[in-house]
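Residues per chain are reported as follows:
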Amino acid sequence: MWLADFVAQIAARHCVARACGFITDLGRLLEDEHSNSPQALLERSRRPGRSMGSFARALEDFFTLRGLALPTDQDERLANGRRRRRVEAVPEPLRPAVAAFDTSRMRAQDRARRAGTRPRSNHTLEAALATMRDLAVFLINARGKTDWSLVDASKPSWPSCPGPASGD
């Protein structure tokens, strides 16, 4: 009962070639042996990898707008991949602690969601991991520290910088 509305929507929003491609893709999904419920179609339409694909996005927009399916977890998948890449960029001696830090922050985000409080956004969590990655790279390369327990808060021995030139 939703098929005609979907075809009308994609015909109105996309060029003829793309709309025909979407209809062809949908026909393949409808003819296979799997469930044809909107949620099942949406899950099967996703491409593997970082992009779910324009067809899956069109289906998701259509089904979620009409309350026929729940949105996919694409944003969470992308955030997980970004966090994983940031952790993997940490030099090996310091990586386990950063991975544990990430796990702890993800648990805190999940607890906040379940408690109905404001969880930290994925952007905030990713920024913290990027900072940890950058600090770890600095500690290994510039300070030769291979363990977080060797890091202290003492005043660094930076080369002295000349002050502003007179008359500025």
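Residues numbered from 1 in each chain as written. Predicted model: local features only at pLDDT ≥ 70, side-chain atom pairs only at ≥ 80, totals over all residues. Heavy atoms only, no water.

Colleague: So what's going on with the packing of aromatic side chains? Residues and values would help.
Modeller: Centre distance and the angle of the planes are the two values used to describe a pair of aromatic rings. All told, the structure shown has five aromatic pairs when counted by the stated rule. Note on Trp-2 and Phe-62: the rings are 6.3 Å apart at their centroids and 55° apart in plane angle, and the pair reads as tilted. With Trp-2 in the segment before helix 1 (3-13) and Phe-62 in helix 4 (residues 54-65), the pair connects residues that are 60 residues apart, well separated along the chain. The exposure class of Trp-2 is buried, given its relative accessible area of 14%. What makes Phe-62 buried here is its relative accessible area of 0%. Feature note: the residues Trp-2, Phe-6, Phe-62 and Phe-63 constitute an aromatic cluster, connected by ring pairs. (Phe/Tyr/Trp six-rings, centres within 6.5 Å; stacked < 30°, edge-to-face > 60°. Helix = DSSP H or I, 4+ residues; strand = E, 2+ residues; numbered from the N terminus. Buried < 20%, exposed > 50% of the residue type's maximum accessible area, 1.4 Å probe, protein only.)

Colleague: Before we move on, could you go through the state of the cysteines and cite the residues and values that matter?
Modeller: Within the structure shown, the criterion is met by zero disulfides. Here Cys-15 stays unpaired: no disulfide links it, and the sulfur of Cys-20, its closest cysteine neighbor, is 8.7 Å away. Judged by its relative accessible area of 43%, Cys-20 falls in the partly exposed class. (Disulfide = S-S within 2.5 Å.)

Colleague: Provide a residue-level description of the nonpolar core, including the pertinent values.
Modeller: In terms of nonpolar packing, the biggest core is built from 15 residues, with Trp-2, Phe-6, Leu-26, Phe-55, Leu-59 and Phe-63 touching the most fellow members. Secondary-structure elements contributing two or more residues to this core are helix 1, helix 2 (16-31), helix 3 (38-45) and helix 4. Looking at this core element by element, the count peaks at five residues for helix 4. Here Trp-2 is in contact with Leu-26, Pro-38, Leu-41, Phe-62, Phe-63 and Leu-68, once residues within four sequence places are set aside. Judged by nonpolar contacts, the second largest core, of seven residues, contains Leu-94, Val-98, Leu-129 and Ala-136. (Core = buried A, V, L, I, M, F, W, Y, C linked by side-chain atoms within 4.5 Å. Contact = heavy atoms within 4.5 Å.)

Colleague: Got a sec to walk through helix 2? Specific residues and values, please.
Modeller: Under the 1.5 Å per step criterion, the end-to-end length of helix 2 is 22 Å for 16 residues, consistent within 8% with the ideal 22 Å. On its buried side, helix 2 packs onto helix 1, helix 3 and helix 4. (Expected span 1.5 Å × (residues − 1).)

Colleague: Before we move on, can you summarise the pattern of salt bridges with the specific residues and values?
Modeller: Here the structure, examined in full by the defined rule, presents 10 salt bridges. Arg-113 is paired through a salt bridge with Glu-76; the nearest N and O atoms lie 3.4 Å apart. A residue pair is termed long-range when its members are at least 10 positions apart, and Arg-113 in helix 6 (residues 95-115) and Glu-76 in helix 5 (residues 74-88) qualify at 37 residues. The class of Glu-76 is partly exposed, set by a relative accessible area of 27%. Between Arg-114 and Asp-110 there is a salt bridge, with the nearest N and O atoms lying 3.1 Å from each other. Here Arg-114 and its partner Asp-110 are both found in helix 6, four residues apart, which amounts to about one turn of the helix. (Salt bridge = Lys/Arg side-chain N within 4 Å of Asp/Glu carboxyl O.)

Spatial relationships are all this shows, so hold off on functional conclusions.
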